[in-house]
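Understanding the architecture of this molecule
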Number of protein chains: 2
Amino acid sequence: MPKAQRMAQMLTVAEEIFAEQGYLATSMDEIAERVGVSKPMLYEYFGSKEGLLIGCIHRARTELREKTAAAIAGAGSPEEFLRLGLRAFFEFIVDHQRSWALLRQEAAIAVPSAQEEVEGIRQQQTDMIGSVLVSFAPEIDQLEAEAFAEIVVGACERLAVWCERRPSVGPALATDYVMAVIWPGVAEKLRKLPELAPHA
Amino acid sequence: MPKAQRMAQMLTVAEEIFAEQGYLATSMDEIAERVGVSKPMLYEYFGSKEGLLIGCIHRARTELREKTAAAIAGAGSPEEFLRLGLRAFFEFIVDHQRSWALLRQEAAIAVPSAQEEVEGIRQQQTDMIGSVLVSFAPEIDQLEAEAFAEIVVGACERLAVWCERRPSVGPALATDYVMAVIWPGVAEKLRKLPELAPHA
DNA sequence: GCTCGTAACTTACTTCGAGTAACCTACTGC
DNA sequence: GCAGTAGGTTACTCGAAGTAAGTTACGAGC
């Protein structure tokens, strides 16, 4: 089997087993067996157990970025941007419940450099939100915009975990909940800014 | 040394080393050595490496609960409850940067049962927030109150991590940021409820 | 003031899994 | 038909979790 295809298969299997059992409880032998290949092949392609985990996270990250970018492409107002972005995030979560659990709960942790990879995902999200705020309100305090973005990302992550225990809450409702809490505060901030700096 | 005292010492050392190096990179021999005792003593008192980690988390959890409870004791309005609770949380974080890193970043974890312990901390927080909402607005939709609580807890956790990279943002400012984003939305919800259910 | 019981502790293992060295095999271009 | 290489394997090392069995310190009872 060609390398690229084999790597993709390894990532799929690893993501599944990591999500099932947790990172620590999973052995490389087990992954290798389920892939139908021997352990050194995993090391050939991913270097280490940690490398394999990072590969999983990286792939998920790429996918999430693409979906989010596509979702917000047509948005016109800050509210619409936020709503579409959040919606894309929650839809990604339900499609990838297992690997999301892995990313958010298992990986954040065990492995320092996997953590950086997870941070990278958050960075994408906060950058997106921060850029929306800044593009619609260039006068906003930089620090405050960052804090807002972090707050929204944190809220979504946590709510996504909660949604797993509440199957009745789908992406649409989750988005509504988050928007209901945060939008009035964000809107108020955006409204006040032009008063403070009327030019722009 | 008596058991209770030795256990406390072990927890302190373990928390420190776990936070420094991460859970995976820390060996029980290393902890034992730094405690000045042999490895089987750790197993005698905590059963496993995971058990030791859970012990650390549990202790931090207890402390956080006590501080939060004390902080919100005198609150009169929902806004005050939230503000004091959040403030207590952020103050706990800066006082315990190390163990917080452990809880949130390291322990968020690779270890399933440690995760339950971390979930327990969140449960405390969401319960607190949920009970505030319910006590001030008994008509609120149960599911929505839970979602609100999760959103607030998620926002705070994320912002706490961000604060570590922004030493200029102390507990007071962090609390302000979170309140600025979430309070208008929560207030709006509480205001609307009596219209929907005018008795209570 | 001796000894019995137990709490606190240690040494010396076993086991298991991450990571590696060295070797094999089949196909592709020439 | 042979060389080089991509894709693969077997069989190890090594480090760390966890354990069995034994040792020391010390207070209670006689």
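Before reading further, recall that the structure is shown in the block above.
Sequence positions are assigned chain by chain, starting from 1 and proceeding in written order. Chains carry letters from A onward and ligands carry numbers from 1 onward, assigned in written order. Per-residue local features of the predicted model are confined to residues with pLDDT of at least 70, and side-chain atom pairs are confined, for both listing and counting, to 80 or more; whole-chain, interface and lining totals are unaffected and use all residues. Computation of side-chain values: all heavy atoms of the structure, hydrogens and water removed.

**Overview of the overall build of chain A**
Counting its secondary structure elements, chain A contains nine helices and zero strands. Each helix is a run of H or I in the DSSP string that is no shorter than four residues. Each strand is a run of E no shorter than two, and both are numbered from the N terminus. In sequence order, the secondary structure elements of chain A are arranged as α-α-α-α-α-α-α-α-α. Per-residue accessibility, obtained with a 1.4 Å probe over protein chains only, is compared with the maximum for each type, and a residue is labelled buried under 20%, exposed over 50%, and partly exposed between these values. Residues counted as buried form 56% of the 200 residues belonging to chain A. The contact criterion used throughout is that any non-hydrogen atoms of two residues lie within 4.5 Å. Partitioning the contacts of chain A with sequence separation of at least 6, the portion at a separation of at least 24 is 69%. Carbon and sulfur atoms form 54% of the exposed surface of chain A, whose accessible area is close to 8500 Å². Here the open area of atoms and residues is found with the Shrake-Rupley method and a 1.4 Å probe, where only the protein chains shown may cover a residue.

**Topic: the protein's contact with DNA strand C**
We call a residue near a molecule or strand as soon as one heavy atom of that residue lies within 4 Å of the molecule or strand. Around DNA strand C, a shell composed of 17 residues is seen, among which Met28(A), Tyr43(A), Lys49(A), Arg6(B) and Ser38(B) lie nearest. Among the atoms of DNA strand C close to the protein, meaning within 4 Å, 56% are from sugar or phosphate groups. Two N or O atoms form a polar contact when they lie within 3.5 Å of each other; inside protein one atom must be a possible hydrogen donor and the other a possible acceptor, and for residues adjacent in sequence the pair counts only when both atoms belong to side chains. Within the side chain of Lys39(A), an N or O atom sits 2.8 Å from a base oxygen of DNA strand C. Lys3(B) has a polar backbone atom sitting 3.0 Å from a phosphate oxygen of DNA strand C. Of all the secondary structure elements, the ones that give two or more residues to the surface near DNA strand C are α3 (39–46) of chain A together with α1 (3–21) and α3 (39–46) of chain B. Each residue gets one of three labels, nonpolar for Ala, Val, Leu, Ile, Met, Phe, Trp, Tyr, Cys and Pro, charged for Asp, Glu, Lys and Arg, and polar for the others, Gly among them. Per-class residue counts for the surface near DNA strand C are nine nonpolar, four polar and four charged.

**Concerning the environment of Asp141(B)**
If you trace the backbone, Asp141(B) turns up in the loop between α7 (112–136) and α8 (142–165). A polar contact of 3.0 Å, which involves the side chain of Asp141(B), links it to the backbone nitrogen of Glu144(B).

**Description of the nonpolar core**
Side chains that are nonpolar tend, in soluble globular proteins, to be buried together. Grouping buried Ala, Val, Leu, Ile, Met, Phe, Trp, Tyr and Cys residues that are joined through side-chain atoms within 4.5 Å yields what is termed a nonpolar core. Formed by 128 residues in total, the largest nonpolar core has its most connected members in Ile31(A), Leu52(A), Leu159(A), Ile31(B), Leu52(B) and Leu159(B). When neighbours within four sequence positions are excluded, Leu52(A) is seen to be in contact with Leu11(A), Ala14(A), Phe18(A), Met28(A), Ile31(A), Leu42(A) and Phe46(A).

**A short note on the relation of the copies chain B and chain A**
Once turned by 179 degrees and shifted 0.0 Å along the axis, chain B lies on chain A with an RMSD of 0.1 Å. Each copy turns onto its partner about a two-fold axis. When the interface residues of chain B are mapped onto chain A, 98% of them again fall at the interface, so both copies present the same face. Alignment of copies: least-squares fit on C-alpha atoms of residues with pLDDT of at least 70 in both copies.

**Regarding the interface of chain B and chain A**
Counting from both sides, the interface comprises 41 residues of chain B and, opposite them, 40 residues of chain A. Two parts placed together each lose some accessible area under a 1.4 Å probe, and the buried area is that loss summed for both. Regarding the contact of chain B and chain A, the summed buried area is about 3700 Å², with carbon and sulfur atoms giving 60% of it. Interface area lost by chain B to chain A is led by Ile151(B), Arg158(B) and Val181(B), which between them contribute 19%. Take a side-chain nitrogen of Lys or Arg and a carboxyl oxygen of Asp or Glu: if they are within 4 Å of each other, that pair is a salt bridge. Linking chain B to chain A there are six salt bridges.

**Structural notes on the packing of aromatic side chains**
Think of it this way: a Phe, Tyr or Trp ring, Trp meaning its six-membered ring, pairs with another when their centres are within 6.5 Å, and the plane angle makes it stacked under 30 degrees, edge-to-face over 60, tilted otherwise. Inspection of every chain in the model, using the stated rule, returns eight aromatic pairs over all chains. Judged by centre distance (5.2 Å) and plane angle (50 degrees), the rings of Phe18(B) and Tyr23(B) are tilted. Judged by its relative accessible area of 5%, Tyr23(B) falls in the buried class. Each ring is checked for a lysine NZ or an arginine CZ that lies within 6 Å of its centre and within 35 degrees of its normal; such an atom marks a charge sitting over the ring. Here the guanidinium or amino end of Lys49(A) rests over the ring plane of Tyr23(A), the centre of that ring lying 4.5 Å away.

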